Amino acid sequence: MHAALVWNWGYDGAGVTASGTFTTNDAPNASGYFTILNITGQRNGVVITGLQDAGTSIPGNEPFAVDNLLGETGPLLSVNGFGFSMANGTYANPFYAEFLPGYLEFFSAAPFVGGSGLEDSELEVSFRASILRTTVPEPAGSGLVALALATIAFSRRALHGRTRVSRATKAWTEAET
């Protein structure tokens, strides 16, 4: 596992509120975007269950594929945005709409048809994201650091014990003479 960034994110619009956390890679691409690797949160109280794979469309929003890219400065999302599934079987795809300019959320619900169905919507939203934690340590790196610290502590304790014995031996030897 590589180092990563953890972000708070959210958006609001008419009748919609979504928020949670993202985990992204730790360095932006040449365009200044980080790749979203994981998502948690809720949309209108419904738990988000997964991130849509980059290069695919959320059901009902074909052929608009998501790229799961997030910027630290505006626009925060690309024109493809990110997609996610929810526990009730619905999907959402927030993205940057250059023609507004601003953000939209495409929401889709079963039955999933090519293009918008009666259950689907596209709403203007206010999107926000900010870094919560700068890094998540790599498990292998953390283990090596812990091992190094334990080794140093053991070495100091062993050295301290030998010094104590040496002083005691020296004092006893001096007393004998």
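Each value, and the rule that gives it
Residues numbered from 1 in each chain as written. Predicted model: local features only at pLDDT ≥ 70, side-chain atom pairs only at ≥ 80, totals over all residues. Heavy atoms only, no water. Helix = DSSP H or I, 4+ residues; strand = E, 2+ residues; numbered from the N terminus. Buried < 20%, exposed > 50% of the residue type's maximum accessible area, 1.4 Å probe, protein only. Contact = heavy atoms within 4.5 Å. Areas by Shrake-Rupley, 256 points an atom, 1.4 Å probe, with all protein chains shown as cover. Phe/Tyr/Trp six-rings, centres within 6.5 Å; stacked < 30°, edge-to-face > 60°. Core = buried A, V, L, I, M, F, W, Y, C linked by side-chain atoms within 4.5 Å. Pairing = 2+ DSSP bridges. Polar contact = N/O pair within 3.5 Å; in protein donor to acceptor, adjacent residues only side chain to side chain.

This part takes up the overall build of the protein. From N to C terminus, the protein includes one helix and nine strands. Looking at the protein residue by residue over its 177 residues, the buried ones come to 36%. Once local pairs closer than 6 in sequence are excluded, the contacts in the protein between residues at least 24 apart make up 48%. Split by element, the accessible area of the protein, about 10,300 Å² in all, is 59% carbon and sulfur.

Once that is clear, we can look at the packing of aromatic side chains. The full count for this structure, using the stated rule, is eleven aromatic pairs. Ring geometry for Tyr103 versus Phe127: centroids 5.6 Å apart, planes at 45°, classification tilted. Here Tyr103 is found in strand S8 (residues 102-108), whereas its partner Phe127 is found in strand S9 (residues 121-133), with 24 residues between them in sequence. For the pair formed by Tyr103 and Phe127, the shared burial category is buried. Taken together, the aromatic side chains of Trp9, Tyr11, Phe22, Phe82, Phe84, Tyr96, Tyr103 and Phe127 make up a single cluster linked through ring pairs.

It is worth spelling out the nonpolar core at this point. One finds Trp9, Tyr11, Phe22, Leu70, Phe82, Phe84 and Phe127 to be the most contacted residues of the largest nonpolar core, which totals 25 residues. Every element with two or more residues in this core is listed here: strand S1 (4-13), strand S2 (16-25), strand S3 (33-43), strand S6 (84-86), strand S7 (91-97), S8 and S9. At four residues, the largest contribution of residues to this core is made by S1. Those residues within four positions of Tyr11 in sequence are excluded, and the remaining contacts are Val16, Thr17, Ala18, Arg43, Phe84, Ala92, Pro94, Glu105, Val125, Ser126, Phe127 and Arg128.

Now for the pairing of S3. Across seven bridges, S2 lies against S3 in antiparallel orientation. Of the residues in S3, the one forming a bridge with Ala18 is Arg43. Two elements, S3 and strand S5 (residues 69-71), share three bridges in a ladder whose sense is antiparallel. Each bridged residue has a counterpart across the sheet, and for Thr35 the counterpart in S5 is Leu69. Across two bridges, the pairing between S3 and strand S4 (residues 46-51) is antiparallel. Within S4, the residue paired with Gln42 across the bridge is Val47. The turn linking S3 back onto S4 is made up of two residues, and Asn44 within it adopts a positive phi angle of 50°.

Quick look at the pairing of S1 now. In terms of residue burial, S1 counts as a mostly covered element, since seven of its ten residues are buried. In this structure, the hairpin formed by S1 and S2 is closed by a connection of two residues, where Gly15 is found at a positive phi of approximately 80°. Alignment of S1 against S9, held across eight bridges, turns out to be antiparallel. Within the sheet, the bridge partner assigned to Tyr11 lies in S9 and is Phe127.

The next thing to look at is the side chain of Glu105. Relative to the helices and strands, Glu105 resides in strand S8. The class for Glu105 is buried, based on a relative accessible area of 0%. Looking at Glu105, its side chain comes within polar contact range of the side chain of Arg43, at 2.6 Å. Discounting chain neighbours no more than four positions away, the residues touching Glu105 are Tyr11, Val16, Arg43, Ala92, Asn93, Pro94, Ser121, Glu122, Leu123 and Val125.

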